[in-house]
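Now for the letters of each chain:
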Amino acid sequence: MFIKHLSLASFRNYQGAEIALQPGVNLLVGPNGQGKTNLVEAIRYLSTLSSHRVAGYLPLIKQDSGQAAIRAMASHADRDILVELELNRDSANKARVNKSPVPRVRDILGIVNSVTFAPEDLDIVKRDPTNRRAFIDELVVQVWPRFAGVYSDYERVLKQRNTLLKTARQTGAKGSALSTLDAWDQSLISYGSEIIAARVDLVERLRPHLFEAYQSIAIANNEPRILVKSSLLGTKIPSGWGDDDDVEDLEYIQTADRAEIEALYSDKLAAVRAKELERGITLVGPHRDDLVLMLGSLPAKGYASHGESWSYALALRLASIALLRAETRTGDPILILDDVFAELDAGRRARLAGMVAGNEQVLITAAVAEDVPSELIATVFHVKHGEVSAGDNAGEAANG
Ligand SMILES: Nc1ncnc2c1ncn2[C@@H]1O[C@H](COP(=O)(O)OP(=O)(O)OP(=O)(O)O)[C@@H](O)[C@H]1O
Ligand SMILES: [Mg+2]
């Protein structure tokens, strides 16, 4: 798929912009802080309802504006779809598809598919579990958009269950509070198991694509493999919330069978019940799980070199592209490469160029066009002070 036209209003540093994007490679060039990342962030937000830079959406609304709008004409197999998203500072966000309002904003998920690779992705390999959960969950939702609802149900139940546990801790666990807790447990187990099963299933589907992507980018004979570590299987009872050390003790879950996972979940909840009442917080479930990114026989985190970690992060995104191409009906997702060429050596630049050049639409941001391999310079846009202008021709940018 590709985006034919993008309109932004009061989005980040854009007052208003109309951009006629082209199929193939679109290169956005301009000095630092002009709005290149902001532009691609708008497309990413339309496709995942999340940003690679911030949690929440308020920073996306232009300073001193009450409302931002992103509008995109997406095209696939000669069919055009107009997707519009309105972000409001003080009221609920709204979305429209082909001019008709949709009941929930998340109903636009699955219309525009995109995969972004940015320097921040190194965090997936090197940092805490939150980054890896975000990676896998975003992909789950792109492949199976109905999961947006499952995640939001799980979060709602988790929040309410935590409130109940906190109250129980303050007032002392009594009969009625405990039976309410049992009811919440059922919903937690049901939604949580669905999420865990989807993650295991997706990791399995991603595996061949990851292998291929890593081999082509790193030209190393090292096999990348993802394992799902689950709090349902840890032997030690978790001690706290968001405490990274706990995760070390968790074990790998291999089944994607819902019933099996539900049984494990229910046993584990029973085992940690006293601890949960003592701490006032839900200690097991997908919100506590992690992915272990293996490279050969060692985890990448803590062992892989800087260059290997980069290749791993890039391979995760390239594998995501291949997976979405195989599993969705919208063909190639839009590939966004935000500021990556400046960070790659000549060999990796050339290999990356070779791998992405054939994608239906690619958006590349760079401060200077010289960092981008010349075979990727097709349509050029100059970005300055939140304004976008079309470059004269490819030769102009390539020659500086
Ligand atoms: N909500 C907002 N309202 C107004 N301006 C904003 C908002 N959010 C970000 N900006 C401005 O946008 C600019 C950053 O734009 P962006 O990140 O797109 O730069 P860039 O062109 O990608 O630069 P670089 O080459 O350094 O990556 C900053 O000057 C920032 O102050
Ligand atoms: Mg940028």
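Residues numbered from 1 in each chain as written. Chains lettered and ligands numbered in written order. Predicted model: local features only at pLDDT ≥ 70, side-chain atom pairs only at ≥ 80, totals over all residues.

1. Some details on the sheet that holds strand S14 (residues 361-366)
Rule in force here: Two strands pair under a simple rule: DSSP has to find at least two bridges between them. Helix and strand assignments come from DSSP, with helices taken as H or I runs of at least 4 residues and strands as E runs of at least 2, each series counted from the N terminus. In this description, a line fitted to the C-alpha atoms serves as the axis of each element, helices being fitted only across the stretch in contact, and the angle between N-to-C directions of two axes falls anywhere from 0 to 180 degrees. C-beta atoms are first placed from the backbone for all residues, and any pair lying within 7 Å is then listed as a contact.
The six strands lie next to each other as S8-S13-S14-S3-S15-S16, forming an open sheet whose pairing is mixed. Each having just a single partner strand, strand S8 (114-117) and strand S16 (387-390) make up the two edges of the open sheet. Between one strand and the next, the sheet's axes are offset by a mean angle of 20°, whatever the strand orientation. Here S8 runs beside strand S13 (residues 334-338); their pairing, made up of four bridges, is parallel. Each bridged residue has a counterpart across the sheet, and for Phe117 the counterpart in S13 is Leu337. Sitting on the sheet, helix H1 (residues 36-48) is in contact with strand S3 (24-29), S8, S13, S14, strand S15 (379-384) and S16, with an inclination near 145° to S13. Here helix H8 (residues 306-327) sits on the sheet in contact with S8 and S13, set at roughly 170° to S8.

2. Quick notes on the site of ligand 1
Note the threshold: Only the C-beta atom matters for nearness: placed from the backbone, it must lie within 6 Å of the molecule or strand for the residue to count as near. Each residue is assigned to one class: nonpolar for Ala, Val, Leu, Ile, Met, Phe, Trp, Tyr, Cys and Pro, charged for Asp, Glu, Lys and Arg, and polar for all the others, Gly among them.
Surrounding ligand 1, one finds 18 residues, the nearest of these being Asn13, Asn32, Lys36, Thr37 and Asn38. Among the elements that make up the shell around ligand 1, the one with the highest residue count is H1 (three residues). Of the residues contributing to the shell around ligand 1, the split by class is four nonpolar, 10 polar and four charged.

3. Observations concerning the domain arrangement of the protein
To be explicit about the condition: Either an automatic procedure or a domain database provided the assignment from which the domain bounds are taken.
Once the domains are mapped, the protein shows domain 1 (1-113 + 332-400) and domain 2 (119-327). When each unit is reduced to the centre of its C-alpha atoms, the spacing between domain 1 and domain 2 is 29 Å. Residue-level contacts link 18 residues of domain 1 with 13 residues of domain 2. Counting residues per element, the side of domain 1 that touches domain 2 draws most heavily on helix H9 (residues 346-356), at four residues.

4. Overview of the packing of helix H4 (residues 147-171) against helix H7 (residues 258-279)
We apply this condition: Here roughly perpendicular refers to angles of 65 to 115 degrees, roughly parallel to angles under 35, roughly antiparallel to angles over 145, and oblique to all remaining angles.
It is at 7 Å that the axes of H4 and H7 come closest, and there the two elements cross at 75°. The angle between H4 and H7 falls in the class roughly perpendicular. In contact with Leu165, Ala168 and Arg169 of H4, H7 contributes Glu276, Leu277 and Glu278.

5. Concerning the sheet that holds strand S4 (residues 67-76)
Strand order in the open sheet formed by six strands is S2-S1-S4-S5-S6-S7, and the pairing between neighbours is antiparallel. One side of each edge strand has no neighbouring strand; the edge strands of this open sheet are strand S2 (14-19) and strand S7 (100-101). Here five bridges tie strand S1 (residues 2-11) to S2, and the two strands are oriented antiparallel to one another. Of the residues in S2, the one forming a bridge with Ser7 is Glu18. Running over the sheet, H1 touches S1, S2, S4 and strand S5 (79-88) and is turned about 110° from S1.

6. Brief notes about H7
Selection rule: Each residue is assigned a bend, namely the angle between axes fitted to the seven residues that terminate at it and the seven residues that start at it. Between the buried cut of 20 or more and the exposed cut of 12 or fewer other C-beta atoms within 10 Å of a residue's own C-beta lies the partly exposed class, and all C-beta atoms are placed from the backbone.
Of all the bends in H7, the greatest, near 55°, is centred on Val272. Those residues of H7 lying buried are Ile261, Tyr265, Lys268, Leu269 and Glu276. Note on H7: the residue one or two positions beyond its end, Gly280, has a positive phi of about 70°.

7. Concerning the packing of helix H3 (residues 129-143) against H8
Filter applied, for reference: Crossing handedness: left-handed means the near helix sits turned counterclockwise from the far one by under a right angle, and right-handed means the same turn made clockwise.
The interhelical angle for the contact between H3 and H8, taken along N-to-C directions, is 15°, at an axis separation of 10 Å. With respect to their mutual orientation, H3 and H8 come out roughly parallel. In this structure, H3 crosses over H8, and the sense of that crossing is right-handed. Judged by residue contacts, Phe135, Leu139, Gln142 and Val143 of H3 engage Leu316, Ser320, Leu323, Leu324 and Glu327 from H8. Its residues placed into classes, the contact of H3 with H8 shows six nonpolar, two polar and one charged.

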